[in-house]
Amino acid sequence: MVKSEKEADIMKRLAESDYLTGLPNRRGLYEYYEALPRNQNVHAMFIDVDNFKRVNDLHGHSVGDTLLIQIARLVKEHTQGFASRIGGDEYVVLFDESYNREQLEQIARKMLDSMQTADFRKDILSMVSLSIGIVMSQSTALNLDDILFMCDAAMYQAKNNGKNCYAVYEAFDKKIEIRRNIEMEMKGALERGEFQVYLQPKVNMVSSAFCGAEALSRWLHPVEGLRTPDAYIPVFEKNGFIVKLDLYMFEEVCRLKASWRGECYEHIPISVNMSRLHLYDMAFAETLLAIANKYEIPPQELEIEITESVFIKDNNELVNMTNKLREKGFLVSIDDFGSGFSALNLLKDIPVNTIKLDKSFLQSSSNDVRGRKVIKNVIAMCRDLKLDVVSEGIETQEQIDFITSCGCQIAQGFFYAKPLTLSDFIVFAEEYLANTLESYVFRLNGDLKSEDGSLEGIISGEGLHYEAGIIAGRKSLYFPGGDTEQNTVHIPPKAIVNDSFTVSMWLKPKVNHQWVSALYIKFESGFCSIMPLAWEGNSDFRIRDSKEVNGWYDVSGCQLRENEWVHYVISYNARTERAVAFVNGEVVGLLDNVPTNRYVKWIILGGDVFQPSFIGNICELVIYNEPKDYDFVQALHQSYVQTEGFNAFKLGE
Ligand code: C2E
Ligand code: CA
Ligand code: CA
């Protein structure tokens, strides 16, 4: 009898204490609380270890365990109340009424200080700290859960205030009240389908083409109506529920995409926000892939957005996660770039696809000269790293003018559309999807207008006139030659707005005049030029990058002859940094690692600023704002050759 009473006692103690630290565990805490008289007041303190997860991840669990034991010791030593460990890195201490606020705050401060000086590995101590929440004078008539809720809320306040500090719960705090309601409702809300996917389109500002969308959550609350993310995302981030919401949103997006099969917007990539909490989930990428597979959505059409603030705190986790997501085929973007202290050197290590410039970054920086330079250079750097750049929060035409002049083409903002319900989104998609990047056809068949009438070249000099072209009945423009920059045609520079472009033209040099340009494009930091007869009768597509002293790139062509028509096409791909020259539909020269020139200043037909001007004929000039491949150029060439009346290659013409 005695023995079994003792045994029962031991069993009880074991069940109520934490094997690691010897402190009472959660159950022990509840037992203790239940045993208190119902008519007194208690104070409670919630202690959470900041960045503990990191210690475990970096140094292994046994080091993490020793740290927890050390902290338990510290808590016990400093508090002298009823100390317990209720979860991994969470401790709760109950104090009786005899303590006043001053004393409790002092205890908290002492604990924070002693974390710096504790007898433990300094490299580890420097990573961790404590966040402490205190709640004063609560009646034991309350449920312990209610008291824990309050000191937990205060602890989160401390975390919000930058960690390594304490906060005292203030009663009647409206924010905490709201948070409490949200926490009580959230699970049911997810099950009842109260969370909905809104989609905000991404649009190419230059072509107005619709090129993607971001999924943003909305909570359709049955009583309060529509709740926007700022009301609940911060709460979910603190209590971890965000993990569930993110996966729910991801699955909803996959479901939507699956329902779009056969529609014109079927393959549009959709991005989903993912909280930093996923970074620690080793199976995260697999989980997402399994969901995508279930709905048969290619991962290449799904983009994961991770906010920039994460990039500074959890560097290693982020690189690992990004690598895994990319291995599985997902697109990855850095969200809210420029909203914090962007770690620029991280950009070189993280294999993301896209940078999303935060709206506050644009707003705060676009008003003064230095700010504008920062934006321009950040964009230029991203593009050199072959990253897509999306500008968030674009609301006005002025912003579009400025940001496109910086070389960013994709926008997400109210100017184009707010986050839309599914049905509005489909209307938008159908309207905008048809837009594509412009191309311009200048036939030079008697005038200098582009075929769509939107652009017109201007003659500079004299002696230019129309002669026979490559097709019977159509003309070509004759350039009489002359000094540098004389007797040429200026095409409006806005004909080329993209870093990647293709120019196709037919030309016939009349005299063998070496190094003369038939087409010259001047960029802010260099130029490119087509020289039909550069050296020893060979044509040359030359690109100059004046950012580098030795930045000369020659894409050699084949031999051309005077008085013979030739179809010359050049194409530059900024993404692959490849420049190609085609003559009569065939590749004649190709060069890799050619740096990108941006911001076209002039496009001159028939001469440049170095050499005398071109003598000969030009017609059928076409400018495309995208790179074109061999098949396209072949087909284009054939389309001329097969036009009725084509006579450029006929002898004796
Ligand atoms: P975010 O990812 O930066 O999303 C863009 C936010 O900017 C959206 O706010 C959008 O409505 C707003 N916005 C877009 N264009 C403009 C504009 O031209 N002007 C202005 N003033 N605002 C613009 P929203 O929908 O309220 O979402 C706020 C944040 O909540 C999001 O910021 C995102 O970080 C977070 N969020 C929303 N849904 C989810 C979710 O399902 N999971 C996670 N983890 N976070 C989410
Ligand atoms: Ca986002
Ligand atoms: Ca953002």
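Fair warning: this is a prediction, and the values are worked out from it, not measured in the lab.

The rules behind these values
Residues numbered from 1 in each chain as written. Chains lettered and ligands numbered in written order. Predicted model: local features only at pLDDT ≥ 70, side-chain atom pairs only at ≥ 80, totals over all residues. Heavy atoms only, no water. Near = heavy atom within 4 Å. Polar contact = N/O pair within 3.5 Å; in protein donor to acceptor, adjacent residues only side chain to side chain. Areas by Shrake-Rupley, 256 points an atom, 1.4 Å probe, with all protein chains shown as cover. Helix = DSSP H or I, 4+ residues; strand = E, 2+ residues; numbered from the N terminus. Donors = N, O, S within 2.8 Å, 3.2 Å for Na, K, Ca; no water. Buried < 20%, exposed > 50% of the residue type's maximum accessible area, 1.4 Å probe, protein only. Pairing = 2+ DSSP bridges. Axes fitted to C-alpha atoms, helices over the stretch in contact; angles between N-to-C directions. Contact = heavy atoms within 4.5 Å. Salt bridge = Lys/Arg side-chain N within 4 Å of Asp/Glu carboxyl O. Domains from an automatic or database assignment. Nonpolar A, V, L, I, M, F, W, Y, C, P; charged D, E, K, R; others polar. Parallel < 35°, antiparallel > 145°, perpendicular 65-115°, else oblique. Left-handed = near helix turned anticlockwise from the far one by under 90°. Core = buried A, V, L, I, M, F, W, Y, C linked by side-chain atoms within 4.5 Å. Phe/Tyr/Trp six-rings, centres within 6.5 Å; stacked < 30°, edge-to-face > 60°.

## A word on the site of ligand 1
Okay, step 1: Taken together, the neighbourhood of ligand 1 is formed by 22 residues, with Ser 217, Arg 218, Asp 246, Glu 395 and Phe 414 sitting nearest.
Okay, step 2: Side-chain polar atom of Asp 246 to a nitrogen atom of ligand 1: 2.6 Å apart, as the coordinates give it.
Okay, step 3: Summarising the interface, the protein chains cover 83% of the accessible area of ligand 1, which totals 800 Å² for the free molecule.
Okay, step 4: Those elements giving two or more residues to the shell around ligand 1 turn out to be β7 (210-221), α9 (229-239), α10 (242-259) and β11 (331-337).

## Side note on the coordination of the calcium ion (ligand 3)
Each donor-metal-donor angle would ideally measure 109.5 degrees in four-coordinate tetrahedral geometry, or 90 or 180 degrees in six-coordinate octahedral geometry.
Okay, step 1: Protein-derived coordination of the calcium ion (ligand 3) comes from Asp 335 (OD), Asp 336 (OD), Glu 392 (OE) and Glu 392 (OE), at a distance range of 2.2 to 2.4 Å.
Okay, step 2: Between the calcium ion (ligand 3) and the calcium ion (ligand 2), both coordinated by Asp 335, there is a metal-metal distance of 3.9 Å.
Okay, step 3: Among the residues examined, Asp 336 registers a relative accessible area of 22% and is labelled partly exposed.

## Some thoughts on the sheet that holds strand β23 (residues 538-545)
Two pairing modes exist for strands in a sheet, parallel and antiparallel, and in both the strands are linked by backbone hydrogen bonds.
Okay, step 1: Across the sheet, which stays open at both edges, the 7 strands sit in the order β16-β19-β28-β21-β22-β23-β24 with antiparallel pairing between neighbours. Each edge of the open sheet carries a strand with a single partner, namely β16 (458-460) and β24 (552-559). For this sheet, the mean inter-axis angle between neighbouring strands, taken without regard to orientation, is 20°.
Okay, step 2: In the sheet, strand β22 (residues 526-535) pairs with β23 via 7 bridges, with the strands oriented antiparallel. Among the inter-strand pairings, Ser 529 is bridged to a residue of β23, identified as Arg 542.

## Overview of the coordination of the calcium ion (ligand 2)
Okay, step 1: Within the protein, the calcium ion (ligand 2) binds to Glu 214 (OE), Asn 273 (OD1), Glu 305 (OE) and Asp 335 (OD); these donor distances fall in the range 2.1 to 2.3 Å.
Okay, step 2: Sequence spacing of the donors to the calcium ion (ligand 2): E-x58-N-x31-E-x29-D.
Okay, step 3: What makes Asn 273 partly exposed here is its relative accessible area of 23%.
Okay, step 4: Residue classification places Asp 335 among the buried residues on the basis of a relative accessible area of 4%.

## Some points on the environment of Glu 105
Okay, step 1: Inspection of the secondary structure assignment puts Glu 105 in helix α5 (residues 101-117).
Okay, step 2: On the basis of relative accessibility, which here comes to 16%, the residue Glu 105 falls in the buried class.
Okay, step 3: For Glu 105 and Ile 459, which are 354 residues apart along the polypeptide, the C-alpha to C-alpha distance reads 81 Å.
Okay, step 4: What Glu 105 contacts, discounting residues up to four positions off in sequence, is Tyr 166 and Val 168.

## Some thoughts on the pattern of salt bridges
Okay, step 1: Applying the stated rule across the entire model yields 35 salt bridges.
Okay, step 2: Of the charged contacts in the structure, one is a salt bridge between Lys 356 and Glu 214, with a shortest N-O distance of 2.8 Å. Of the two residues, Lys 356 sits in strand β12 (residues 354-357) while Glu 214 sits in strand β7, which places them 142 residues apart along the sequence. Considered together, Lys 356 and Glu 214 belong to a single accessibility category, that of buried residues.

## Thoughts on the domain arrangement of the chain
Okay, step 1: Here the domain parsing of the chain yields domain 1 (15-171), domain 2 (202-216 + 241-418) and domain 3 (440-641).
Okay, step 2: Here the C-alpha centroids of domain 2 and domain 3 sit 36 Å apart.
Okay, step 3: Contacts between the two partners involve 11 residues from domain 2, matched on the other side by 10 residues from domain 3.
Okay, step 4: Inspection of the region where domain 2 meets domain 3 yields 5 salt bridges.
Okay, step 5: Its salt-bridge partner being Glu 577, residue Lys 386 comes within 3.1 Å of it at the nearest N-O pair.
Okay, step 6: For the interface between domain 2 and domain 3, the tally reads 8 residue pairs in polar contact (both at pLDDT 80 or more).
Okay, step 7: Partitioned by chemical class, the residues of the side of domain 2 that touches domain 3 number 3 nonpolar, 3 polar and 5 charged.

## A few points about the packing of α10 against helix α11 (residues 284-294)
Okay, step 1: The contact between α10 and α11 brings their axes to 9 Å, and the two run at 30°. In terms of axis orientation, α10 runs roughly parallel to α11. In this structure, the crossing between α10 and α11 has a hand that is right-handed. Along its contact with α10, which presents Leu 247, Phe 250, Glu 251 and Cys 254, the element α11 presents Phe 284, Leu 288, Ile 291, Ala 292 and Lys 294.
Okay, step 2: Of the residues belonging to the contact of α10 with α11, the class tally is 7 nonpolar, no polar and 2 charged.

## Some thoughts on the nonpolar core
Okay, step 1: Residues Phe 236 and Phe 250 are the most contacted members of the largest nonpolar core, which totals 79 residues.
Okay, step 2: Apart from residues no more than four positions distant in its own chain, Phe 250 is found in contact with Val 272, Met 274, Leu 288, Ile 291, Ala 292, Leu 302, Ile 304 and Phe 330.
Okay, step 3: Formed by 45 residues, the second largest nonpolar core is a distinct cluster that contains Phe 479, Leu 533, Leu 560 and Ala 581.

## Re the packing of aromatic side chains
Two numbers describe a pair of aromatic rings. These are the distance of the centres and the angle of the planes.
Okay, step 1: Tallied over the entire structure, the rule returns 28 aromatic pairs.
Okay, step 2: Taking the centre distance of 4.9 Å and the plane angle of 40° together, the rings of Phe 195 and Trp 219 count as tilted. A residue pair is termed long-range when its members are at least 10 positions apart, and Phe 195 in strand β6 (residues 195-204) and Trp 219 in strand β7 qualify at 24 residues. For the pair formed by Phe 195 and Trp 219, the shared burial category is buried.
Okay, step 3: For the ring pair Trp 506 and Tyr 640, a centre distance of 5.6 Å and an interplane angle of 80° mean the geometry is edge-to-face. Of this pair, Trp 506 sits in strand β20 (residues 501-509) while Tyr 640 sits in helix α19 (residues 630-641), and the two are 134 residues apart along the sequence. Like Trp 506, the residue Tyr 640 is buried in the burial classification.
Okay, step 4: Through pairs of rings, three or more aromatic residues link up here, namely Phe 210, Trp 260, Tyr 265, Phe 425, Phe 428 and Tyr 432.

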